[in-house]
Amino acid sequence: MDHQGQFRAAALESGIPDDEISRFTAHLRLAIRLSGGSGGVPVGQVGGSPRLPVGMDWPVAGDNRLPFVFFVDCAALPHVDGPGLPADGSLLFFLDHEEDHLASEPGYARVIQVPAGTETEVAGEPTGHEAVGKEYDVSATLVARLPDWFATDEEEDEDDLSPFQQQLARDLERDLPHLDELRALAHDLWPPDEGLASACLGGYVDDEVMTSIAEQTLVGREMAGEIVIPVATWYSHVEKEKHRLTSEWMTLARFSLADEFYSGSFVIRHDDLAAGRLDKALSVTEFSE
């Protein structure tokens with residue numbers, strides 16, 4: 001389905017100018033929400049044992065096999081416009097959340113892409129260490145996602161915003177005078193999350209994670225001698241770098257875990273995903289308490 005065409009037709013019918021619709025849809029992303037128990041067509045499975053290519057060992061970290069979280073059949077997922085997941089094959093997600101949360105080096109999280117047509121086999125029964133919850137099928141629905149700086153709080157005092165945030169707000173007001181109507185229309189077509197989702201694929205990277213990536217990027221450029229940032233303007237540079245990088249990164253997968261105190265996610269650059277460089281995905285395990 002041509003989702004952008006569907007949105008454009010609905011917005012034009014509401015009387016919104018075409019050029020404003022184009023500016024809005026440049027930032028609109030559709031994420032894929034996975035949930036169990038909905039009775040929909042299965043597109044993947046949470047828990048249980050993974051199906052890996054014949055001859056491939058279960059991924060390990062140290063002496064332990066990584067817990068298998070879930071897999072998706074990419075060909076069964078709804079197609080979305082723009083950069084997205086592979087068109088076919090499957091993606092399998094592994095995460096040792098407690099170790100990953102504390103680790104200073106990667107290794108406790110893994111995404112494996114299995115190309116379409118690959119002969120696979122069940123990798124084996126999970127042991128107590130790998131058991132991550134009950135095995136069940138998940139189905140997919142689409143949800144609208146917009147960058148955080150679109151979701152302005154009407155009650156927020158402009159004086160509480162940084163100069164850069166104030167400029168973004170002024171630009172939005174100038175370029176998207178029908179922002180409220182456009183945002184409401186997007187959420188009517190692809191409603192926000194309702195209830196507990198097993199996982200969500202695609203969409204924007206969480207603000208805190210994007211901030212961390214921006215900070216690391218700037219530190220790396222400083223260490224390489226490319227730039228020098230005065231301490232007094234550090235946060236201003238971080239805001240601008242985060243805004244720039246938002247268009248380059250996406251959430252590959254964000255998911256709940258059997259351990260309710262944690263959540264897991266993988267984020268990746270669009271160009272790395274398009275090139276199949278899933279080893280470039282960053283794992284972000286968050287402690288919710």
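Values in this document were obtained by computation on a predicted structure and should not be read as measured data.

1. Structural notes on the environment of G89
Topologically, G89 is positioned in the loop between β6 (68-73) and β7 (90-95). A sequence separation of 16 residues divides G89 from D73, and the C-alpha atoms of the two residues are 6.2 Å apart. In contact with G89, other than residues within four places in its own chain, are V72, D73, C74, A75, V114, P115 and A116.

2. Some thoughts on empty space enclosed by the protein
If a probe as big as a water molecule is rolled over the atoms, it shows which places are left empty. Scanning all chains against the criterion turns up one cavity of 30 Å³ or more. Each pocket or cavity is described by its volume, and for the largest cavity that value is around 30 Å³. If you go around the largest cavity, the residues you meet are V205, D206, V209, T251, R254, S265 and V267. Taken together, the elements giving at least two residues each to the lining of the largest cavity come down to β12 (249-256) and β13 (262-269).

3. Thoughts on the packing of helix α4 (residues 163-175) against helix α7 (residues 234-246)
The contact between α4 and α7 brings their axes to 9 Å, and the two run at 40°. It follows from the interaxial angle that α4 and α7 lie oblique. Residues F164, Q165 and L168 of α4 form the contact with α7, whose participating residues are E239, K240 and H243. Counted by class, the contact of α4 with α7 contains two nonpolar, two polar and two charged residues.

4. Here we look at the pairing of β6
Examined bridge by bridge, strand β2 (residues 44-46) and β6 share three bridges and lie antiparallel to one another. Looking at β6, one finds that V46 is bridged to F70.

5. Re the pairing of β13
Taking burial as the measure, the eight residues of β13 include seven buried ones, the bulk of the element. In terms of strand pairing, β12 meets β13 through seven bridges, oriented antiparallel. The residue of β13 that forms the bridge with W249 is R269. In sequence, β12 turns back onto β13 through a hairpin of five residues.

6. Remarks on α7
Here α7 is 13 residues long and its end C-alpha atoms lie 18 Å apart, about the 18 Å a rise of 1.5 Å per residue gives. Those residues of α7 that are buried lie in contact with β1 (29-35), α4, α6 (207-223), β12 and β13.

7. Thoughts on the packing of aromatic side chains
Inspection of the entire model under this criterion finds ten aromatic pairs. Between F24 and F150 the ring centres are 6.1 Å apart and the planes differ by 55°, which places this aromatic pair in the tilted class. One end of the pair, F24, is in helix α2 (residues 18-25); the other, F150, is in the loop between β10 (136-145) and α4, and 126 residues separate them in sequence. Across the pair, F150 and F24 agree in class, each one buried. Each ring, one from F70 and one from F255, has its centre 5.7 Å from the other, and the planes form 65°; the classification is edge-to-face. Here the residue F70 occupies a position in strand β6, and F255 occupies one in strand β12, the gap between them amounting to 185 residues. This pair shows no difference in class: F70 is buried, exactly as F255 is. Cation over ring: R29 sits above Y204, and NZ or CZ is 3.8 Å from the ring centre.

8. Some remarks on the side chain of T25
With respect to the helices and strands, T25 occurs in helix α2. According to the relative accessible area criterion, T25 is buried, its value standing at 7%. One polar contact links the side chain of T25 to the main-chain carbonyl oxygen of S22, over a distance of 3.2 Å. In contact with T25, not counting residues within four places along its chain, are Q4, F7 and R8.

Thresholds applied
- Residues numbered from 1 in each chain as written.
- Predicted model: local features only at pLDDT ≥ 70, side-chain atom pairs only at ≥ 80, totals over all residues.
- Heavy atoms only, no water.
- Helix = DSSP H or I, 4+ residues; strand = E, 2+ residues; numbered from the N terminus.
- Contact = heavy atoms within 4.5 Å.
- 1 Å grid on protein atoms, 1.4 Å probe; cavity = no way out; pocket = protein on both sides within 12 Å on 5 of 7 lines; lining within 4 Å.
- Points joined across faces, edges and corners; volume = space filled by probe spheres on them.
- Axes fitted to C-alpha atoms, helices over the stretch in contact; angles between N-to-C directions.
- Parallel < 35°, antiparallel > 145°, perpendicular 65-115°, else oblique.
- Nonpolar A, V, L, I, M, F, W, Y, C, P; charged D, E, K, R; others polar.
- Pairing = 2+ DSSP bridges.
- Buried < 20%, exposed > 50% of the residue type's maximum accessible area, 1.4 Å probe, protein only.
- Expected span 1.5 Å × (residues − 1).
- Phe/Tyr/Trp six-rings, centres within 6.5 Å; stacked < 30°, edge-to-face > 60°.
- Lys NZ or Arg CZ within 6 Å of the ring centre and 35° of its normal.
- Polar contact = N/O pair within 3.5 Å; in protein donor to acceptor, adjacent residues only side chain to side chain.

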